[in-house]
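Secondary and tertiary structure notes
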Amino acid sequence: VVSGAAERMAERSRFLGPAYPFLLDDEGDVLDYDWDGSSLGKGAYLLSLILSHLSAISPVLDGSCVYPEASEIVQLRRYLQYFATAALAAEVRGRAWSFDSPRPDGSGFIDKLEEIWSELRDGQVEPQIGAPIHAKDDQIDVFAARLHADRLPGFLLAAAQVATGKLWKGKDIRSHLEVFNKRWFGSQPVTQ
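Residues numbered from 1 in each chain as written. Predicted model: local features only at pLDDT ≥ 70, side-chain atom pairs only at ≥ 80, totals over all residues. Heavy atoms only, no water.

What about the overall build of the chain?
Here is the rule: Where helices and strands are cited, they refer to DSSP runs of H or I of at least four residues and of E of at least two residues respectively, numbered from the N terminus. Exposed residues in this analysis have more than 50% of their type's maximum accessible area, buried residues have under 20%, and partly exposed residues fall in between, with area computed by a 1.4 Å probe over protein chains only. All accessible areas in this document rest on Shrake-Rupley with a 1.4 Å probe, and a residue is counted as covered only by the protein chains that are shown.
Each helix and strand counted, the chain has six helices and seven strands in total. Helices and strands in the chain line up, N terminus first, as α-β-β-α-α-α-β-α-β-β-β-α-β. The 192 residues of the chain split such that 36% are buried. Entry remark: accessible area of the chain is about 11600 Å², with carbon and sulfur atoms responsible for 54%.

Set out below in structure tokens:
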């Protein structure tokens, strides 16, 4: 389990470069992160990431009484989503919304998007022709923003994909954001 987890983290570290918040030593034995007051959140994030992917990392615990059941793995992946939302709020020093489907509050796609943009007040949510009729999250899992006191556009806005599946490398959120805005806004947000 340890070597599989170390390999997975080393791969993510290579792929994400300096954006990856964890450091793995050269032997893959020690995992470290900066102590900055959010370490418990990073630890919880990391633990839920590893536990929700035990079967992909190693089959050694498969079938044992300590291996999480399918329902527990689903819950661990939800925790990962929640931790990622909280972590992004802390990173931007602002507010964050979990947008992944199913959303914690049970809201629908448009309802949640309207709720977020009623707070951000930059652009007008209005699904455009060709937008998916039954959208779940349209590849966005978390939105976060640090608004200015004047509440005008140009604030810090972040969007994230909390990819936990096998296809996480192929989920390029940066190029998708332009498509996202064109699909879901009549009046495009000014903030990038």
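Picking up where we left off.
Observations concerning the pattern of salt bridges
Under the convention used in this document: Definition used for salt bridges: Asp or Glu carboxyl oxygen within 4 Å of a side-chain nitrogen of Lys or Arg.
For the structure on display, the rule yields six salt bridges. With a closest N to O distance of 2.8 Å, Asp105 and Lys112 form a salt bridge. The residue Asp138 makes a salt bridge to Arg183 at a minimum N-O spacing of 2.7 Å. Placement of the pair is Asp138 in the loop between β4 (124-125) and β5 (142-146) and Arg183 in helix α6 (residues 173-184), with a sequence separation of 45 residues.

As for the sheet that holds strand β3 (residues 95-98)
Rules: Paired strands, in this sense, are two strands between which DSSP finds at least two bridges. All axes here are fitted lines through C-alpha atoms, helices being fitted over the stretch that makes contact, and every angle between N-to-C directions spans 0 to 180 degrees. Here a residue-residue contact requires only that any non-hydrogen atoms of the pair lie within 4.5 Å.
What the three strands build is an open sheet, ordered β3-β5-β6; its pairing is antiparallel. With one partner strand each, in any of the chains shown, β3 and β6 (156-160) form the two edges of the open sheet. The sheet shows a mean angle of 15° between the axes of neighbouring strands, taken without regard to direction. Bridging between β3 and β5 involves four bridges; their strand directions are antiparallel. Note that in β5 the partner of Arg95 across the bridge is Ala145. Running at roughly 20° to β5, helix α4 (residues 70-92) makes contact with β3, β5 and β6 of the sheet.

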